[in-house]
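Letter by letter, the chains look like this.
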Amino acid sequence: MSDAVQPEALLAERLARAITLAGPIPIAQYMAAANAHYYATRDPLGTGGDFVTAPEISQMFGELIGAWLADLWERAGRPAAAYVELGPGRGTLAVDALRVMAKAGLAPPVHFVETSPVLRAAQAERLPDAVWHADTTSLPDDVALIVIANEFFDALPIRQLVRALDHWHERVVACQDLLFLPIAGGRVPDAIIPPELADAPPGSVIETSPAAVAIMRDLAQRIAAQGGAMLTIDYGYAGPAIGETLQAVRTHGFANPFEAPGEQDLTAHVDFATLAAAALSAGAVPFGPVSQGALLTALGIDARAAALGAKVAPDRERLVAPDQMGDLFKALAVTARGWPQPAGYA
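Below is a summary of the structure that appears in this document.

Parameters at a glance
- Residues numbered from 1 in each chain as written.
- Predicted model: local features only at pLDDT ≥ 70, side-chain atom pairs only at ≥ 80, totals over all residues.
- Heavy atoms only, no water.
- Salt bridge = Lys/Arg side-chain N within 4 Å of Asp/Glu carboxyl O.
- Helix = DSSP H or I, 4+ residues; strand = E, 2+ residues; numbered from the N terminus.
- Buried < 20%, exposed > 50% of the residue type's maximum accessible area, 1.4 Å probe, protein only.
- Pairing = 2+ DSSP bridges.
- Axes fitted to C-alpha atoms, helices over the stretch in contact; angles between N-to-C directions.
- Left-handed = near helix turned anticlockwise from the far one by under 90°.
- Contact = heavy atoms within 4.5 Å.
- Nonpolar A, V, L, I, M, F, W, Y, C, P; charged D, E, K, R; others polar.

1. Concerning the pattern of salt bridges
Part 1: Under the criterion given, the structure shown has 14 salt bridges.
Part 2: Note that D43 is salt-bridged to R90, the shortest N-O span being 2.8 Å. Highlighted residues: D43 in the loop between α2 (27-40) and α3 (54-57) and R90 in the loop between β2 (81-86) and α5 (92-103), separated in sequence by 47 residues.
Part 3: Residue classification places D43 among the partly exposed residues on the basis of a relative accessible area of 28%.
Part 4: You can call R90 partly exposed: its relative accessible area is 22%.
Part 5: One salt bridge in this structure joins R187 and D190, with 3.8 Å as the shortest N-O distance.
Part 6: D190 gets classed as partly exposed once you look at its relative accessible area, which sits at 47%.
Part 7: Here the residues in one salt-bridge network are E63, D96, R99 and R304, joined through shared partners.

What follows is the structure, encoded as structure tokens:
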């Protein structure tokens with residue numbers, strides 16, 4: 001038996017050492033470190049992993065997204081374009097979407113924003129001609145961008161602000177003997193709290209994601225300048241709102257997010273209203289959000305399921321039923337000014 005220290009132990013020890021030396025760290029720093037290690041060291045998808053995303057449930061999901069993109073591109077005048085996907089998993093959605101897009105005459109170069117070497121390898125097996133990027137800053141700047149972000153924003157680091165008796169405080173992560181726990185940290189300026197939430201009762205939590213806003217603003221600026229559209233699908237809400245949504249998923253079940261950092265997926269619900277506002281401020285046009293179930297229904301999932309046969313009925317139900325993914329997951333569309341209104345956003 002090897003005496004080598006396991007990578008997950010090293011991560012927990014590094015975080016514990018940082019906290020011991022410099023004091024508790026913000027939730028965002030803890031979440032960023034944990035997810036960076038998690039995604040860099042495994043393929044988390046599928047029955048043998050920790051969770052399953054919509055593209056892995058059924059080909060119908062990616063096919064309908066591809067049809068959505070091709071329709072919008074066609075009505076926009078068939079401009080030169082690049083396909084961009086943020087956090088593309090195994091590349092399953094891209095393969096299904098590009099197959100449908102090609103039938104409509106849209107065969108753009110593929111650009112993936114992905115940092116995980118494990119997932120990059122899986123993507124390369126399916127789409128070897130793709131171009132990989134560590135972030136959005138190196139994406140093409142001379143063509144329209146058609147961007148997909150499915151279950152991407154939920155994994156970005158969040159800040160948590162907690163209300164004390166008379167002030168708001170940043171929630172931070174403390175550690176003792178490799179046991180991590182959230183506590184209230186320093187006071188934050190009142191000006192950063194949404195006015196409608198400023199007088200929330202003690203114990204209330206607000207979540208924000210500066211990283212998500214920055215990425216949305218960058219992409220919206222590019223879309224506004226270059227042309228194009230973006231579709232973001234994730235679980236979330238139309239905020240701002242009071243509530244704590246940080247969670248961990250491991251082996252298809254919920255876990256304590258402050259246990260085993262780097263060994264489970266940490267996510268938080270997406271504030272779609274804030275993302276829409278960021279896109280609008282950057283010069284793009286937001287639509288929605290609408291529920292995933294409503295969007296897929298509008299795009300024709302019932303007809304596609306009927307064509308594929310009874311075997312896909314459970315998959316269709318899982319994607320659109322209100323008590324499964326249909327209502328919890330929402331879809332926000334963003335387009336350049338002058339582009340047509342996307343399908344599903346009447």
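2. A short note on the environment of L161
Part 1: Residue placement: L161 occurs in strand β6 (residues 159-163).
Part 2: On the basis of relative accessibility, which here comes to 2%, the residue L161 falls in the buried class.

3. Description of the environment of D199
Part 1: Mapped onto the fold, D199 is located in the loop between β8 (179-187) and β9 (205-208).
Part 2: For D199 and G227, which are 28 residues apart along the polypeptide, the C-alpha to C-alpha distance reads 41 Å.

4. A short note on unusual backbone geometry
Part 1: Looking along the chain, the bond that leaves G288 and enters P289 is cis, with omega of 15°.
Part 2: Within the secondary structure layout, P289 lies in strand β15 (residues 285-291).
Part 3: Residue L178 is not a glycine yet carries a positive backbone phi of 65°.
Part 4: Looking at the element boundaries, L178 is found in the loop between β7 (168-176) and β8.
Part 5: Although it is not a glycine, A260 adopts a positive phi angle of roughly 50°.
Part 6: Among the structural elements, A260 can be located in the loop between β12 (253-255) and β13 (265-267).

5. What about the sheet that holds β12?
Part 1: Taking strand neighbours across the sheet as the criterion, the 3 strands line up as β12-β11-β13 in an open arrangement whose pairing is antiparallel. The strands lining the two open edges of the sheet, one partner per strand, are β12 and β13. Direction aside, the axes of adjacent strands within the sheet are offset by 40° on average.
Part 2: As judged from the 3 bridges shared by strand β11 (residues 247-250) and β13, these two strands associate in the antiparallel manner.

6. Observations regarding the packing of helix α7 (residues 210-226) against helix α8 (residues 272-281)
Part 1: At a minimum axis distance of 8 Å, the contact between α7 and α8 shows a crossing angle of 35°. Along this stretch, α7 crosses α8, giving a crossing that reads as right-handed. Contact residues: A212, V213, M216, R217 and A220 in α7; T274, L275, A278, A279 and S281 in α8.
Part 2: By residue class, the composition of the contact of α7 with α8 is 7 nonpolar, 2 polar and 1 charged.

Read these as geometric descriptors, not functional statements.
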